[in-house]
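# Coordinates in review
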Amino acid sequence: MTAPTEFIVLAGFLGSGKTSLLVDWLAQPEAADTAVIVNEAGEIDVDGAILADSGAVPMAMLANGCVCCSLTSDLVFTVRALLDGRARAGLPPFRRIVLECSGLSKPGPILRSLLPLAPLGLRVRVLVTCDASQAPGRAARFEEWSAQIAAAGAVVFTKLDLSGVSDAEALVAAVNPLAARVVEADRATRARAAFADIPEGFAGAAAPALPAAGAHPRVAVLRASFTHGASWEDRLDWLEDLAAFCGDRLLRVKGFLRRPGSDVPVLVQAVGTLFGPPSPMPGARGAAEGLVVIARDLDADGLRAAMPGAPVRLTAPRGRPPRICAPA
Ligand SMILES: Nc1nc2c(ncn2[C@@H]2O[C@H](COP(=O)(O)OP(=O)(O)OP(=O)(O)O)[C@@H](O)[C@H]2O)c(=O)[nH]1
């Protein structure tokens, strides 16, 4: 008899390394027969593009906001559609489905939203990434961080190349002493340890008391797009000004920029104010230009006032229906 499909809720604060861990995992031979569902806080599906670039994996996108707040029926629909599509293709069931949550999702409501799927007998567990270099600041400021760690069956520590892990481990142990901890400097070994098969019957840590679902009161998710005529330098200047103005209120920036005259999107991302090198992504040619900006205690009006005359439009991200992609 085939083992029931494992359903892994992959959570972790904004920029803590969920997509990177998943990309590292999907490169492993053990990752065969994995399907992925991606949920982004913003409208621009950067994680989906990065994952799609990493190989042929059955994938579905949920992009109507945080999965824990607004997407329960979409999630159930999407899981069923993935499973039915697989059965229709005459293939054996997936070994696992990974739901990569947005960085602001709390796992409790997501676990509850999976209840209609109980008859399928999925083995559900919660895996949470913890950026070792940022843990104390995140823990002090964001209830989402604690909610994620508290719900974890296992916590995977990331960015061990940037900082020591002992403070982060102590914090995690204080919030959730039951969680298994994956502390591996080598990224491939880390990914294999994080996604290793789990014993029959293991269901992860118990879901915590459910917090009220709803918007995140202090966190704004905005879409920034550049006006016609903005040069490449204008784009880079705006990002620099954004980081300087927001300081530690800037939580995450990610999206695609385009050099005027080029059709190759350039992936740009920052965790906090730390920008990684821009990376051209020829595989994402169809992606629209735009950035998701996630900030604390700031809104679009505040940003417009701080950078008057900037060639940028700031809007709230629009919702989209779920999208299911068959592997190429
Ligand atoms: N130095 C270092 N950088 C890392 C590591 N893991 C991820 N990153 C970088 O951190 C940034 C964010 O990583 P992602 O994997 O996109 O994080 P995420 O949790 O999926 O982000 P969101 O979906 O926006 O919440 C990227 O620039 C990664 O390259 C790590 O172990 N070490």
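Treat the numbers as computed from the prediction; the structure is a model and nothing was measured.

Secondary structure summary: the protein chain contains 11 helices and 15 strands in total. For the protein chain, the proportion of its 328 residues judged to be buried stands at 52%. Contacts in the protein chain between residues at least 24 apart in sequence constitute 77% of all its contacts with a sequence separation of at least 6. Of the accessible surface of the protein chain, which amounts to about 14,000 Å², a share of 57% is contributed by carbon and sulfur atoms.

In this structure's numbering, the residues bearing the UniProt feature "domain: CobW C-terminal" (unreviewed entry) are residues 232-307. In this annotation, residues 232-307 is assigned 29% helix and 33% strand; the end-to-end C-alpha distance for the span is 17 Å.

With that settled, the discussion passes to the site of the ligand. The environment of the ligand is formed by 20 residues, the closest being Lys18, Thr19, Ser20, Asp161 and Arg252. Taking Ser20, its side chain carries an N or O atom lying 2.6 Å from an oxygen atom of the ligand. Protein contact buries 84% of the 650 Å² of open area that the ligand shows by itself. Of all elements in the fold, only helix H1 (18-26), helix H9 (187-195), strand E9 (250-257) and strand E10 (266-271) reach the threshold of two or more residues within the shell around the ligand. For the shell around the ligand, the element with the most residues is H1, which contributes three residues. For the shell around the ligand, a count of residues per class yields four nonpolar, seven polar and nine charged. Here the shell around the ligand gathers at least three residues from each of two domains, domain 1 (6-213 + 321-325) and domain 2 (219-315).

On to the nonpolar core, then. The tendency in soluble globular proteins is for nonpolar side chains to be buried side by side. Grouped together as the largest cluster of nonpolar side chains are 45 residues, with contacts concentrated most on Phe7, Ile37, Leu75, Val79 and Cys130. Domain assignment of the residues forming this core places at least three in each of domain 1 (6-213 + 321-325) and domain 2 (219-315). Those residues in contact with Phe7 that sit more than four places away from it in its chain are Ile37, Leu75, Val79, Ile97, Leu99, Leu114, Leu122, Arg123, Val124 and Arg125. Counting residues in each nonpolar core, the second largest holds 25 residues, with Ala243, Val266, Ala300 and Val312 among its members.

Relative orientation of the contacting elements helix H7 (residues 143-151) and helix H8 (residues 166-175) amounts to 70°, with a least axis distance of 9 Å. Between H7 and H8, the angle is such that the two are roughly perpendicular. When H7 is examined against H8, the residues Trp145, Ser146, Ile149 and Ala150 are found in contact with a partner set consisting of Leu171, Val172 and Val175. Tallied by class, the residues present in the contact of H7 with H8 amount to six nonpolar, one polar and no charged.

Within strand E4 (residues 96-100), five of the five residues are buried, leaving the element largely enclosed by the surrounding structure. What you see with E4 is no split at all: Arg96, Val98 and Glu100 on one side and Ile97 and Leu99 on the other are buried throughout. The pairing of strand E1 (residues 6-12) with E4 spans five bridges and is classified as parallel. Bridged to Leu10 within E4 is Glu100. Sheet topology places strand E2 (residues 34-39) next to E4; five bridges connect them, and they run parallel. By the bridge assignment, Ala35 is partnered in E4 with Ile97.

What follows covers the state of the cysteines. Evaluation of the coordinates by the stated rule reveals zero disulfides. Cysteine Cys130 shares no disulfide, and the gap to the nearest cysteine sulfur, in Cys101, comes to 16 Å.

With that out of the way, let us pick up the pattern of salt bridges. By the definition in use, this model includes 12 salt bridges. Of the charged contacts in the structure, one is a salt bridge between Arg235 and Glu289, with a shortest N-O distance of 2.7 Å. Of the two residues, Arg235 is situated in helix H10 (residues 232-246) and Glu289 in the loop between strand E12 (279-280) and strand E13 (290-296); the sequence distance between them amounts to 54 residues. A residue is classified by how much of its surface remains accessible, and Glu289, at 18% relative accessible area, is buried. Notably, a salt bridge pairs Asp248 with Arg296, separated by 3.3 Å at the nearest N-O pair. Here Asp248, found in the loop between H10 and E9, pairs with Arg296, found in strand E13; they are 48 residues apart in sequence, far enough to count as distant. When its relative accessible area of 6% is taken as the criterion, Arg296 is described as buried. It is possible to trace a salt-bridge network through shared partners that takes in Arg141, Asp248, Arg296 and Asp297.

Reading the values: rules and limits
Residues numbered from 1 in each chain as written. Predicted model: local features only at pLDDT ≥ 70, side-chain atom pairs only at ≥ 80, totals over all residues. Heavy atoms only, no water. Helix = DSSP H or I, 4+ residues; strand = E, 2+ residues; numbered from the N terminus. Buried < 20%, exposed > 50% of the residue type's maximum accessible area, 1.4 Å probe, protein only. Contact = heavy atoms within 4.5 Å. Areas by Shrake-Rupley, 256 points an atom, 1.4 Å probe, with all protein chains shown as cover. UniProt positions renumbered as here; feature names shortened; annotations may be inferred. Near = heavy atom within 4 Å. Polar contact = N/O pair within 3.5 Å; in protein donor to acceptor, adjacent residues only side chain to side chain. Nonpolar A, V, L, I, M, F, W, Y, C, P; charged D, E, K, R; others polar. Domains from an automatic or database assignment. Core = buried A, V, L, I, M, F, W, Y, C linked by side-chain atoms within 4.5 Å. Axes fitted to C-alpha atoms, helices over the stretch in contact; angles between N-to-C directions. Parallel < 35°, antiparallel > 145°, perpendicular 65-115°, else oblique. Pairing = 2+ DSSP bridges. Disulfide = S-S within 2.5 Å. Salt bridge = Lys/Arg side-chain N within 4 Å of Asp/Glu carboxyl O.

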